[in-house]
Amino acid sequence: MDLFFSDLLYLILLSISLPIVILIIYSRKSSNPNLPPGTLGWPVIGETMEFALACQGGNPAKFVKDRMNKYSPQVFKTSLLEANMAVICGASGNKFLFSNEDKLVVSWWQRSMKKILCFPSVFDETLVRDNFKPPIFLPQFLKPEALQHYIAVMDSMAVEHIKIYWSPLGEVKVFPVAKKYSFALAFQVFMSIADPQYVEMIYHPFQILTQGFLSVPIDIPGTAFNRALKASKFIHGELLEIIRKRKMELEQKGESTPRDLLSHMLSAWHENGDVKSEMEISTQVICLLFATHHTTRSVITFILKYLAEFPDVYSKVLKEQMEIAKSKGPEGFLKWDDIQKMKYTWNVANETMRLIPPVQGTFREAITDFTYAGFTIPKGWKLCPKVMHWNVNTTHKDPKYFPNPDKFDPSRFEGKGPQPYTFVPFGGVPRMCPGREYARAQVLAFIHNVVTTFKWETVDPSEKVAYNPTPIPSKGFPIHLRHLENEFI
């Protein structure tokens, strides 16, 4: 609640104190009569308050569904986070935006996001746009051929994590411990940093950073934005030290230096003649940590939630995972081929992401005027293929694509699965998230170790879920644990 309401209070007070400016903004007429239907809401704050209330109430889909029903099921306009937006809905809307990346639209990040994630000296519109695109080598680093070398690392870290944070306890809060695992794993895979004390030192300010990610950019002591800026400054300082140390190692040791993502970033940019500043590399690393950290923690948490709620689904997952555990033996680690065998478990993960998407979407900005569904989208407007928390639900919970959409049913993903552009937690072709396979491997390796070690029950089956901006269980999703009597069946 801190994220939206404390900062919105500052905005409301600001708007009250500037009645003349507000009157001018509010009375301004559009020069283009063919804009999508909808409303821009209140001056300055737009419809952000309504959106925040829907998120805090655990039903972000309501915000977009209400406007689709009132204005248009294809596209409507609104104003969120200080930006006028055209929300493009449905599978055809997803396909249109994904297919027109860098032609009609480009990625866009809200001001508070950019200021928090970027190193201060590279906070410039042109640089930010370049910085926030994945490095050209990132898909190669995260494709299966490269990832298969990290499966044993993911498995061994999951084993160690469960041994420390789960096994000694009769009850555990899944969400916070899943956050710790995903964050520690990212440090290991991306930068070969395994020191738990150092990772813990970065972990806490990183949580402060994420809490202010979508806050109103008012830099006043006490606001989420102010706290996030301070946390970002600290993290960037630590990352600069890591980067400088790695550069020296690359110069002195060459091939004996760890060939992780950080080494690839430093080497690839140097080989391409595009020598990025240390500050820009630090910004890229923070973006990658944020992206991987937020997705997997939510998926892991809510998979365990649904497995506790549906015993038949749990039994099928347990059978599949026990067969894999038996084949690898008690002393062995998972391999890439083992991940490929977890077909039913991944169907469960997909159905979990359909109902509770970990990443609700991204923003796009129009780089030229264009027409969609008979309406004009002006250059500079922000567009939403599945923005933030909600438009993803225009397909994920549309009965046209998913019959009985509120029912948890992993069989939807058997065979050919859903129609194209209807299931989009990782975007869609050609704009697919490059970290999809990394997230899949990480989630499956962790679920494998939990399922083959424990049986669990939820402490509070009626626990609420809010969105801030990702789905967060109000109590951290506590579960009662009991060890399985036999390791193999």
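The present account deals with the structure reproduced in this document.

Analysis parameters
- Residues numbered from 1 in each chain as written.
- Predicted model: local features only at pLDDT ≥ 70, side-chain atom pairs only at ≥ 80, totals over all residues.
- Heavy atoms only, no water.
- Axes fitted to C-alpha atoms, helices over the stretch in contact; angles between N-to-C directions.
- Helix = DSSP H or I, 4+ residues; strand = E, 2+ residues; numbered from the N terminus.
- Left-handed = near helix turned anticlockwise from the far one by under 90°.
- Contact = heavy atoms within 4.5 Å.
- Nonpolar A, V, L, I, M, F, W, Y, C, P; charged D, E, K, R; others polar.
- Phe/Tyr/Trp six-rings, centres within 6.5 Å; stacked < 30°, edge-to-face > 60°.
- Buried < 20%, exposed > 50% of the residue type's maximum accessible area, 1.4 Å probe, protein only.
- Pairing = 2+ DSSP bridges.
- Salt bridge = Lys/Arg side-chain N within 4 Å of Asp/Glu carboxyl O.
- Expected span 1.5 Å × (residues − 1).
- Arc of directions from axis to C-beta.

Section: the packing of helix α10 (residues 151-165) against helix α11 (residues 174-191)
The contact between α10 and α11 brings their axes to 10 Å, and the two run at 145°. Crossing hand, α10 versus α11: right-handed. Contacts between α10 and α11 involve Val 153, Met 154, Met 157, Ala 158, His 161 and Tyr 165 from the first element and Val 177, Lys 180, Tyr 181, Ala 184, Leu 185 and Gln 188 from the second. Class assignment of the residues belonging to the contact of α10 with α11 gives a composition of nine nonpolar, two polar and one charged.

Quick look at the packing of aromatic side chains
What describes a pair of aromatic rings is the distance from one ring centre to the other and the angle between the planes of the rings. Under the counting rule described, the total for this entry stands at 16 aromatic pairs. Plain terms: the ring middles of Trp 166 and Phe 446 are 5.9 Å apart, the flat faces sit at 65° to each other, and that makes the pair edge-to-face. Of this pair, Trp 166 sits in the loop between α10 and β4 (171-173) while Phe 446 sits in helix α20 (residues 436-451); the two residues are 280 residues apart in sequence, bridging distant segments of the chain. Judged by centre distance (4.3 Å) and plane angle (15°), the ring pair of Tyr 306 and Phe 408 falls under stacked.

Regarding the pairing of strand β5 (residues 363-366)
Of the two faces of β5, the one lined by Phe 363 and Glu 365 and the one lined by Arg 364 and Ala 366 are each fully buried. In this sheet, β5 lies alongside strand β3 (residues 105-108) in antiparallel orientation, the contact comprising four bridges. Across the sheet, Ser 107 pairs through a bridge with Arg 364, a residue of β5.

Brief notes about the side chain of Ser 79
Along the chain, Ser 79 turns up in strand β1 (residues 75-80). For Ser 79, a relative accessible area of 8% translates into the label buried. Aside from chain neighbours lying at most four places away, what touches Ser 79 is Thr 39, Leu 40, Ile 45, Gly 46, Glu 47, Thr 48 and Asn 84.

Some points on the sheet that holds strand β11 (residues 454-458)
Strands sit in the order β4-β14-β11 across an open sheet of three strands; the sheet is antiparallel. With one partner strand each, in any of the chains shown, β4 and β11 form the two edges of the open sheet. Across this sheet, the average inter-strand angle for adjacent strands is 35°, counted without regard to direction. Bridging between β11 and strand β14 (residues 478-483) involves five bridges; their strand directions are antiparallel. Bridge pairing in β14 links Glu 457 to His 480.

Side note on the pattern of salt bridges
A pair can form between side chains of opposite charge whenever their charged atoms are brought close. For the structure shown, the criterion picks out 18 salt bridges. Arg 246 is paired through a salt bridge with Asp 260; the nearest N and O atoms lie 2.6 Å apart. Of this pair, Arg 246 sits in helix α13 (residues 224-253) while Asp 260 sits in the loop between α13 and α14 (261-271), and the two are 14 residues apart along the sequence. On the basis of relative accessibility, which here comes to 6%, the residue Arg 246 falls in the buried class. Three or more residues joined by partner-sharing salt bridges are found here, namely Glu 241, Arg 244, Lys 247 and Glu 278.

Digging into α10
When the terminal C-alpha atoms of α10 are compared, their 21 Å separation across 15 residues agrees well with the 21 Å that a helix rising 1.5 Å per residue should span. Three or more residues of α10 are buried, namely Ile 151, Met 154, Asp 155, Ala 158, His 161 and Ile 162. Angular distribution of buried residues about the axis of α10 spans 130°; they occupy a single face of the element.

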